[in-house]
Every structure is written in structure tokens, then in C-alpha cells.
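Chains, contacts and geometry: an overview
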Amino acid sequence: MPLDPQVQALLEAAARSGRTPINHFPPVEARVQFRELRKALLPPTPPIGSVADLTIPGRHGAIPVRHYRPVGSNPNQVLPVLIYFHGGGWVVGDLESHDSLCRLLANGAGCAIMAVDYRMGPEHKFPAAVDDAEDVVRHVCARAAEYNIDPARIALGGDSAGGNLAAIVAMLCRDSGGPAIKHQLLIYPATDMAMDRPSHFEFAEGYHLTRDLMLYFRGHYLKDT
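A brief look at the structure comes next. (Residues numbered from 1 in each chain as written. Predicted model: local features only at pLDDT ≥ 70, side-chain atom pairs only at ≥ 80, totals over all residues. Heavy atoms only, no water.)

Turning to the overall build of the protein, a few remarks are in order. Helix and strand counts for the protein come out as seven helices and six strands. From first element to last, N terminus to C terminus, the protein shows the α and β order α-α-β-β-β-α-β-α-β-α-β-α-α. Computed over the C-alpha atoms, the radius of gyration of the protein is 18 Å, within 12% of the 17 Å expected from 2.2 N^0.38 for a compact globule of 225 residues. Principal-axis analysis of the C-alpha atoms gives the protein an extent of 50 × 40 × 35 Å. A buried classification covers 43% of the 225 residues belonging to the protein. Look at the contacts in the protein between residues 6 or more apart in sequence, and 73% of them connect residues 24 or more apart. Carbon together with sulfur atoms contributes 57% to the accessible area of the protein, which is approximately 11,700 Å² in total. Charged side chains of the protein number 21 positive and 24 negative; the gap between the two group centres comes to 3 Å. (Helix = DSSP H or I, 4+ residues; strand = E, 2+ residues; numbered from the N terminus. Rg over C-alpha atoms; globule rule 2.2 N^0.38 Å. Buried < 20%, exposed > 50% of the residue type's maximum accessible area, 1.4 Å probe, protein only. Contact = heavy atoms within 4.5 Å. Areas by Shrake-Rupley, 256 points an atom, 1.4 Å probe, with all protein chains shown as cover. Lys, Arg positive; Asp, Glu negative; His and termini not counted. Charge placed at Lys NZ, Arg CZ, Asp CG, Glu CD.)

Attention now goes to helix α1 (residues 5-17). Look at α1: 18 Å from first C-alpha to last across 13 residues, which is about the 18 Å you get at 1.5 Å a residue. For α1, the N-terminal cap is D4; the gap from its side-chain oxygen to the backbone nitrogen of Q6 is 2.8 Å. (Expected span 1.5 Å × (residues − 1). Polar contact = N/O pair within 3.5 Å; in protein donor to acceptor, adjacent residues only side chain to side chain.)

Here we take up the packing of aromatic side chains. The full count for this structure, using the stated rule, is four aromatic pairs. Judged by centre distance (5.8 Å) and plane angle (80°), the rings of F126 and Y221 are edge-to-face. Here F126 is found in the loop between β4 (112-116) and α4 (128-142), whereas its partner Y221 is found in helix α7 (residues 211-221), with 95 residues between them in sequence. Feature note: the residues W90, F126 and Y221 constitute an aromatic cluster, connected by ring pairs. (Phe/Tyr/Trp six-rings, centres within 6.5 Å; stacked < 30°, edge-to-face > 60°.)

With that settled, the discussion passes to the pattern of salt bridges. When the charged atoms of two side chains lie near each other, side chains of opposite charge can form a pair. Tallied over the entire structure, the rule returns 15 salt bridges. For E123, the salt bridge is made with R31, and the minimal N-O distance between the two is 2.7 Å. One end of the pair, E123, is in the loop between β4 and α4; the other, R31, is in helix α2 (residues 27-41), and 92 residues separate them in sequence. Looking at E123, the relative accessible area reads 44%, which means it is partly exposed. A salt bridge links D94 to R35; its shortest N-O distance comes to 3.1 Å. Highlighted residues: D94 in the loop between β3 (79-85) and α3 (99-109) and R35 in helix α2, separated in sequence by 59 residues. Relative accessible area serves as the criterion here: at 15%, D94 is assigned to the buried category. Several salt bridges share partner residues, and in doing so they unite D53, R66, E96, D99 and R103 into one network. (Salt bridge = Lys/Arg side-chain N within 4 Å of Asp/Glu carboxyl O.)

Omega for the bond connecting G121 with P122 falls within 30 degrees of zero, at 5°, which places this linkage in the cis form. Residues G178 and P179 are joined by a peptide bond in cis, for which omega reads 0°. Looking at the secondary structure, you find P179 in the loop between α5 (161-175) and β6 (183-187). Phi is positive for H208, close to 75°, though the residue is something other than glycine. Locating H208 in the fold gives a position in the loop between α6 (198-202) and α7. Owing to a relative accessible area of 52%, H208 belongs among the exposed residues under this scheme.

So this is what it looks like as C-alpha cells:
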């Protein structure tokens, strides 16, 4: 099956750029490289109704969160919310790298977005990211009125590593009897740490997210690989 033309063009542009893959850098430098790459690929920043940087208390300390409200919304309007966890292999990515995406999601869905800047490896190994993700979800659900959020319409979402966190927290909430999660938005979530499926070898090279890069991420995130 041929690739989508837009994906093909993106891969070709990345190949022409001659950039060194981020897994060739230590994590701190890899984050800088990832941020610069995202800047080069993103469209202009969309307008938004409002955006505010907050901190939410967690079991390991304060967790930075960015609260978006869509264009056309009333500041006092009670909205559904998507609590969003950015991708980046649990090693790279932050609120800035996914700012444009969160704005597009807020405007497109007409909902609030709570984007979470969870702790990452290798400085903070598993389950630090899961703990932060769960703490934010439980806090927002418990104090929905403070954020003008509808507690009956709370969704979790994320891309790649963020999709992994969204799925895990949804299961933690389910297994502990709440809070109730209305919806999940999982964008190519990472769901299998074994990495032994045929696709991991068939598509190991040439598609930007290489097997070597995934092993790099896994090695920095898990305590024992």
C-alpha cells in the first residue's frame, strides 16, 4: 500500500534536511533538536480563545499544565475537556512542541484542553510520567467547577507516548471505580513495549520513527529493558 502523499512528502523533506537523528544525541540535546524540528514543520500558530499556564499539585510535586479555551467560547462557559499528553517517547517533547496541535484540537472540537507537562526519562523513569498523568486527571475531575469544566464530559488523549499515558490512566480510573472517562483520543499510541511484532522489523527504517529511535526511547523510560 503506498504512503499518503503528504506523509511521503514529509519523509522526503526530512531526508533532504540531512538532520542527525535525535537518538544520536543525549536526552537533553535530543529535546532541543526535537523542538527545532517541530518548529520547522508546524503551521502558523492558530488563534485561541484563551490560554493560561497553571500548576497542579501531584504526589511528586507541582505539574505544569496549559489550559486552552476555544475561539468563541465564553470564559465562564462550562465546557467538555480533553486532558492531553504530548508525544515524544517519554523523553522529548513539552507544552511548546504541541502548542499548535492543542490549539487546533480546542478550536475544532469546541472543548477546553488541559495539556500536561509530565516528567520524562531518563531523569524520571517509569512510572513517573504515569503518576503525573493520573494526578492531573484526578485533580481536574475533582475540581472541574474551578476550571469551568463539565465533569461528565472528560476525555483523555495523546499522541504516541502520550497516547500510552492516556490509555493507562483511563484503565487506572476504570479499575479504581472512577472518575468516569467519557472518551479517549489515542493518536498512534505506543501500546506494546515488547517491540517484537513483525511490523517493528518490516518498517524499522525509512519512516522517521525508526526501530533504533524507539529502542532509545524505551531504554531511557523504563527502569529495566
